[in-house]
Each structure stands twice: as structure tokens, then as C-alpha cells.
Amino acid sequence: MSKILFADLGVQPIPNKFLRADELSEPELFYPLRASFDTETKLVQLDFPLKREAIFDENYPYFSSQSSTFLKHAEMYAHEMIERFHPKNVLEIGSNDGYLLQYFKAAGVKALGVEPCRSVAEAAIAKGIETHIKFFGRPFGEHLGIDVDLMVANNVLAHVPDIDDFVNGFRYALAPEGVATFEFPHLQELIQGNQFDTIYHEHYSYLSMLAVNRLFLKHDLRVFDVDELPVHGGSLRVFACRKEAHWPMHQSVVDVIRHEMEAGLNRNEIYEEFNKQICATKRRLLDMLIDIKFRNKIIIGYGAPAKGNTLLNYCGIREDFLDFVVDTTPAKQGMYLPGSRLRVGEPHDLDYCRPDYVLILPWNFRDEIISKLDYIRGWGGRFIVPIPHVEVIS
Ligand code: TYD
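Here is what the cut-offs are and how they apply
Residues numbered from 1 in each chain as written. Predicted model: local features only at pLDDT ≥ 70, side-chain atom pairs only at ≥ 80, totals over all residues. Heavy atoms only, no water. Pairing = 2+ DSSP bridges. Helix = DSSP H or I, 4+ residues; strand = E, 2+ residues; numbered from the N terminus. Domains from an automatic or database assignment. Contact = heavy atoms within 4.5 Å. Buried area = accessible area lost by both parts, 1.4 Å probe. Salt bridge = Lys/Arg side-chain N within 4 Å of Asp/Glu carboxyl O. Polar contact = N/O pair within 3.5 Å; in protein donor to acceptor, adjacent residues only side chain to side chain. Nonpolar A, V, L, I, M, F, W, Y, C, P; charged D, E, K, R; others polar. Phe/Tyr/Trp six-rings, centres within 6.5 Å; stacked < 30°, edge-to-face > 60°. Buried < 20%, exposed > 50% of the residue type's maximum accessible area, 1.4 Å probe, protein only. Lys NZ or Arg CZ within 6 Å of the ring centre and 35° of its normal. Axes fitted to C-alpha atoms, helices over the stretch in contact; angles between N-to-C directions. Parallel < 35°, antiparallel > 145°, perpendicular 65-115°, else oblique. Left-handed = near helix turned anticlockwise from the far one by under 90°.

Student: So what about the sheet that holds strand S3 (residues 44-46)? Which residues, and what values?
Tutor: In spatial order, the strands read S1-S2-S3-S9; together these 4 strands make up an open sheet with antiparallel pairing. The open sheet has two edge strands with one neighbour each: strand S1 (3-12) and strand S9 (205-206). Of the pairings in the sheet, the one linking S1 to strand S2 (residues 31-38) comprises 7 bridges and is antiparallel in character. Across the sheet, Leu-5 pairs through a bridge with Ser-36, a residue of S2.

In C-alpha cells, the structure reads:
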């Protein structure tokens, strides 16, 4: 086994550990954030993974229902799956606040969630969605006691430290002809879209079809179809079943693998080059922000996503550049960003401070955000989008 350094983002705090005002006088833990490519398994993974309990705890503040784009995506998914597979029951791993299962339940499908973070799981339970507050893996799959027709793991495969144990659990819980779908950000998009800020301690693995195919076969599962999706900057939705199940293989699987090979994902060079691209983006963004601040302009950050914390902490952007950030999530408002310690306000704070520039941190929602904040143009406000290229939008 040999490893190639893919990204070195310095030392960083856990990205979703927002600080309360009374914690600002306390020290903060920083961990090395580095990812490498394994030439044998084809997985890109963190070099220094943290224990999952250190990250996904009772205060986890990510509520999926915050984004209308995301909710629409979930509703469409539920309808598509019901039409295609007619499941009698559905088990979602990482069911968050019930943003997805609510649509299955409304359609009369028995819905069960597994979610380790109490904060979001309780929101799902309050919506009447049966939820186990637990981590999923082989022990859970083995002892579940029901054959599941449809298993869903959206944005969770990349979030597990022991990816082998996790995938193995599906083998046990799936009905003989059951289907499991997995959504994860596509490594090809991460590389081609310069999305280095999506590397953080919550994401243990960065996945290509080349890697996922091998991984599933190792656990007697088989990928039979794949969709390419625009969410999270470009994701894959992989359909898998037991190796011996009857679902026919679709051409899409071959096509995605072929595109990955054309993009060079089966060769070492593309992984070796990525870190240089990251450094160049940092220099370009700082160059622009320094120029703006020398002109005495006001910059506010929009959104407090985890990826924003990677970007801000990697670039060393604090109150010296941004006065504060704003976010629609009530659990984040009034808190401070880990590392940079920027205050998180509410979107209407933009009205009184009338920023000259708004730095959009959740760039994956750039169009939704720019149209929502169109009114800042009224006072000459502009947007800065840092990824894939540092760009100003008037
Ligand atoms: P997301 O890209 O989902 O986060 P992550 O990097 O953590 O996976 O970004 C979601 C964050 O952006 C979340 O904190 C809510 C915030 N947000 C707004 O404040 N307003 C908006 O219009 C949108 C779309 C997101």
C-alpha cells in the first residue's frame, strides 16, 4: 500500500463545533487536517481521522431542512424511489431531522431512521418519525431483525471513520432483492471544481466510482446504477444490491467509470497536483480581500457551513477581513465560528450594516443566495464567490 499526499489544510478545529460567547476565553483544540490518496484502494481519506463521537454529538447543528433546495431534492428522491422500487419499508441512515423520511411517511411507506446526533434526531421524532439515536454499522444491521426493501444513506458514506464496517451493515439489513442508495460528493467534482474546502474532519473519505465499486464488491454488494446529481457541488447517487440479486447492471456505471478514467482519476498525477491548486486559491482570495480592506470597504460572510470554516481557517481570515457572518440556522445564530471566532448573526443584520461585499461561503447554493440577496445591489453591494475560482459578481 502506498499513499500520496492530496491536501494539506494545516491544523483546524472541528468545523461544526461552534463556540458560545462564554467559551471565547477558553483554548480550542486544533487537529491536523490532511488527506491522502491510497494507490491500492483508490480511496482518498483523512490521514488523522478523529473518533466519530468527537464530531457527531448531541449538539450537532446541521439541520437538513434549512435549505429549500435540499428539501426539494429530498421530495423528488422519495417520489422517484417509490415509483421505481415500490418499497414497503425504508431505512435511512443519517436521517437528520427527518427532512427526507417525512415524504415517505406521507406516501404511506413505513419509515425508520438511524441518526447518532441527538439534536437533529429529536427534531425528527417530534415530526413523528421513528428514529434510533445510534451509529450505523455491522452490529446494527445484523440485529435489526427486519429485511429492508430500501436503504438510504445520503451524505453519510463519506462521514464514517470505518467505511468497511458501515458498508458491511448493509449486507445484513438488506432484503434479498432490496436496494440501497448512497449519495456522496463526487471526488471528480471536488478535484475539477477545486472544492478543497469540503475537506474537513467530518468527511473521512472522498469517493470516486472506481473506489466505491471495489469497496462494495469486497462486502458482497454490487453497484447496478448511478445518477449524477448537482447537489453539494456535484454528487453521485449509487444504487447497490446484494451481489446475487437480480437487478440488471446499467450502462451509467460503465460511463461514470470511463469519465473518471478520462479525467485521470486512475492515475497518481492528478492527486499529486491538487495541493498546489489549493495554495494558489488561498493566495488569490487573500490578495482580493487585502485590496478590498485597503479601500476601507465592509465585507460580511454569508452562511456558516462547515466548508466555510475550512476555507476561513486555512486562509487565516478572521475579523481582520469579515465583520461577522450571517446564517439562517437558529442553532448557529449568536454563536461564534470555530477557529476564526467570527460572530454568527441573522440575515437581516445585512440591512443595517450594508456591506460592500458579501462573501458567499456555501457556494453550492450560490444562485439561491444571490437571488435572495439581490437587494444588496440597491446600495452597490457585490458578491464574492471563492470556489471554484475567486470571483466578484456585481
Ligand atoms: P451546506 O453547504 O449545506 O453546509 P456544509 O458545508 O456544512 O455541508 O450549507 C448550509 C449552510 O448555509 C447552513 O448553515 C445554512 C446556510 N444557508 C443560509 O444561511 N441561507 C441560505 O439561503 C442557504 C441556502 C444556506
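After that view, the rundown keeps rolling.
Student: Describe the domain arrangement of the chain, and please don't skip the residues or the numbers.
Tutor: Accessible area lost during the coming together of the parts is what is often quoted as the interface size. With domains assigned, the chain is organised as domain 1 (3-36 + 269-393) and domain 2 (37-268). For domain 1 versus domain 2, the distance between C-alpha centres works out to 27 Å. Opposite the 42 residues of domain 1 that make contact, domain 2 presents 40 residues. Across the domain 1 to domain 2 interface the summed buried area is about 3900 Å²; carbon plus sulfur atoms make up 62%. The tally of links between domain 1 and domain 2 comes to 2 salt bridges. A salt bridge links Glu-269 to Arg-267, with the nearest nitrogen and oxygen atoms 3.6 Å apart. At the boundary of domain 1 and domain 2, one finds 17 residue pairs in polar contact (both at pLDDT 80 or more). Where the side of domain 1 that touches domain 2 is concerned, the elements lending two or more residues are S1, S2, helix H10 (269-294) and helix H11 (306-315). Here the side of domain 1 that touches domain 2 takes 8 residues from H10, the largest share from any one element. Along the lines of polarity and charge, the residues of the side of domain 1 that touches domain 2 split into 25 nonpolar, 9 polar and 8 charged.

Student: Quick rundown of the packing of aromatic side chains? Include the residues and the values.
Tutor: Geometry of an aromatic ring pair is reported as the spacing of the ring centres plus the angle between the planes. Scanning the model with the defined rule gives 16 aromatic pairs in all. Ring geometry for Phe-196 versus Tyr-314: centroids 5.8 Å apart, planes at 70°, classification edge-to-face. One end of the pair, Phe-196, is in the loop between helix H7 (187-192) and S9; the other, Tyr-314, is in helix H11, and 118 residues separate them in sequence. Judged by relative accessible area, Phe-196 falls into the buried class, the value being 0%. For Tyr-314, a relative accessible area of 11% corresponds to the buried category. Note that Lys-282 overlies the ring of Tyr-314, its terminal NZ or CZ placed 4.6 Å from the centroid. Sitting above the plane of the Trp-363 ring, Lys-307 keeps its charged end 5.5 Å from the centroid.

Student: Please give an account of the packing of helix H6 (residues 163-173) against helix H8 (residues 209-218) that cites residues and values.
Tutor: Relative orientation of the contacting elements H6 and H8 amounts to 60°, with a least axis distance of 9 Å. On the basis of their axis angle, the class for H6 and H8 is oblique. The two elements H6 and H8 cross, and the hand of that crossing is right-handed. From H6, Ile-163, Asp-164 and Val-167 reach across to H8, where they touch Leu-215, Phe-216 and Lys-218. Its residues assigned to classes, the contact of H6 with H8 comprises 4 nonpolar, no polar and 2 charged.

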